[in-house]
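# Geometric and topological summary
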Amino acid sequence: MRPFAFVEADSAWRASLDRADHLRDQADALTALWPQARVIVLDNAGSALANADGSLCAPLGPELTDGPGGVGASIFLGLAPDGQGWFALDAELVAFEAPRRVDLRSAAAHWPMLEASVFAQARALQHWRSRNRHCGVCGGEIAFSRAGWLGRCGQCGSEHYPRTDPAVIVAVSDGKRLLLGRQTGWPARRYSVIAGFVEPGESLEQTVAREVLEETGVRVRSCRYLGSQPWPFPGALMLGFAALAEADEPQVGDELEEARWFTLEEIRAASARGERAAASAPGERDAALEDDGPLLSPSISISRWLIDQWRLAAEADAGR
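Everything numeric in this text was worked out from a predicted model, so none of it was measured. (Residues numbered from 1 in each chain as written. Predicted model: local features only at pLDDT ≥ 70, side-chain atom pairs only at ≥ 80, totals over all residues. Heavy atoms only, no water.)

On to the nonpolar core. Ranked by internal contacts, the top residues of the largest apolar core, which has 71 residues, are Ile40, Phe76, Leu77 and Leu180. By residue number, the principal contributor to this core is helix α3 (residues 113-130), which donates seven residues. Excluding residues that lie within four positions of it along the chain, Leu77 makes contacts with Leu17, Arg19, Ile40, Trp86, Phe87, Ala88, Val118, Gln121, Ala122 and Leu125. The next biggest cluster of nonpolar side chains, apart from the first, holds 15 residues, and it includes Val168, Leu239, Ala243 and Ala259. (Core = buried A, V, L, I, M, F, W, Y, C linked by side-chain atoms within 4.5 Å. Buried < 20%, exposed > 50% of the residue type's maximum accessible area, 1.4 Å probe, protein only. Helix = DSSP H or I, 4+ residues; strand = E, 2+ residues; numbered from the N terminus. Contact = heavy atoms within 4.5 Å.)

What follows deals with the layout of surface pockets. Of the pockets and cavities examined, the second largest pocket occupies roughly 610 Å³. Taken together, 34 residues form the lining of the second largest pocket, with Ala73, Ser74, Ile75, Asp90 and Arg129 sitting closest to its centre. Elements that contribute at least two residues to the lining of the second largest pocket include exactly α1 (27-33), β3 (75-79), β4 (85-90), α3 and β6 (142-145). For the lining of the second largest pocket, the residue count by class is 15 nonpolar, ten polar and nine charged. (1 Å grid on protein atoms, 1.4 Å probe; cavity = no way out; pocket = protein on both sides within 12 Å on 5 of 7 lines; lining within 4 Å. Points joined across faces, edges and corners; volume = space filled by probe spheres on them. Nonpolar A, V, L, I, M, F, W, Y, C, P; charged D, E, K, R; others polar.)

So, about the environment of Gly46. Within the secondary structure layout, Gly46 lies in the loop between β1 (38-42) and β2 (48-50). Sequence separation of Gly46 and Arg276 is 230 residues, and the distance between their C-alpha atoms is 31 Å. The contacts of Gly46, once residues within four sequence positions are left out, are Phe119, Arg123 and Gln126.

So, in C-alpha cells, the structure goes:
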C-alpha cells in the first residue's frame, strides 16, 4: 500500500511515467507513438472522462481522430514502463464521449497508482496552460510548443514554463502531544497538521517556523524533512516535515478556526474512528462516526501520513 496518493510506498523516487523530456521536441517520434498511445481526456472543470464504473477511460490515439484534436494539440506526458506513450487532451478538442466524469480527488483515492499519477500530471498542466494564455510581460498571446510544456509569447518572445508552488506541511509536537488545527470550511470535526506556502527569500525550515507561529502562536525549536507529495489542487508540492516545538498554548488568527494539542490516546482513537468509517457500508458510515470525537485527514494526503508517522514514533517511545 502506498503511503499517500501519487507516491510509491517503497520507492518514493520512482515516477509512474518516464517523462522523456528528450522526445518533447521530436514531432515525428510523438506521431509514431500516437497510434498505440493512451490519452487521458479532461473537461473544462479538470475532471477526467471515465467508464461507467468510474475507472479511467483513456482511448487510444486513433479513437480521437474524428475530432479537431490529435497529437499536435495534445500534451505529451511520458512513457509507461512498457514503452506505451501517454498524452492528455482537452475534451472540447475531440469528438469523444464517455459515460462519466471523475475528479482528481476521487481518482487519487480509487484509481491505480499509474493512472492517478497520470491524471495529476495532466490536471496540473491543464491548469497552468488555461491560466497562461497571455504573456505576463507584455500581454501578448502565448503559443505552446515542446509537446505542451513551453509557452512562448508571439509578441515579445518571452518563454513561460509550468510552475509548481512549494508548501510546507508539518507535524508539530511538544515531545508528548501533536498540534492539529482546522479551517472554517472543513467538514465538522476534521483536523489536520499545519501547512503553508513558502514565501520569497526564505528556506523551507524558516517557512515551517513562520507558518506554525503565524497560524497557531506556537514556537518551533527544530524541524526535519520527511517526504513530499505532488498536490495538483491546482499546482502545489507539499513538503512534509516533523517539528519539535515549545509547549505553548495555541492561539489562532484569521487562517484557522481552532488549533489544539492532541494526546497519543486521542490520535489513536481518531485513527480508529476513521478506519471504522472507511470499512463501513455507505449506509452505516454515520453510525461509525456517531461519537463526537475528532476526525483526521483522508488517507490520500501526506497530512494523514505525517500524523501516522508521529503516532508510530510516539507508540514506540511509550513502549520503551
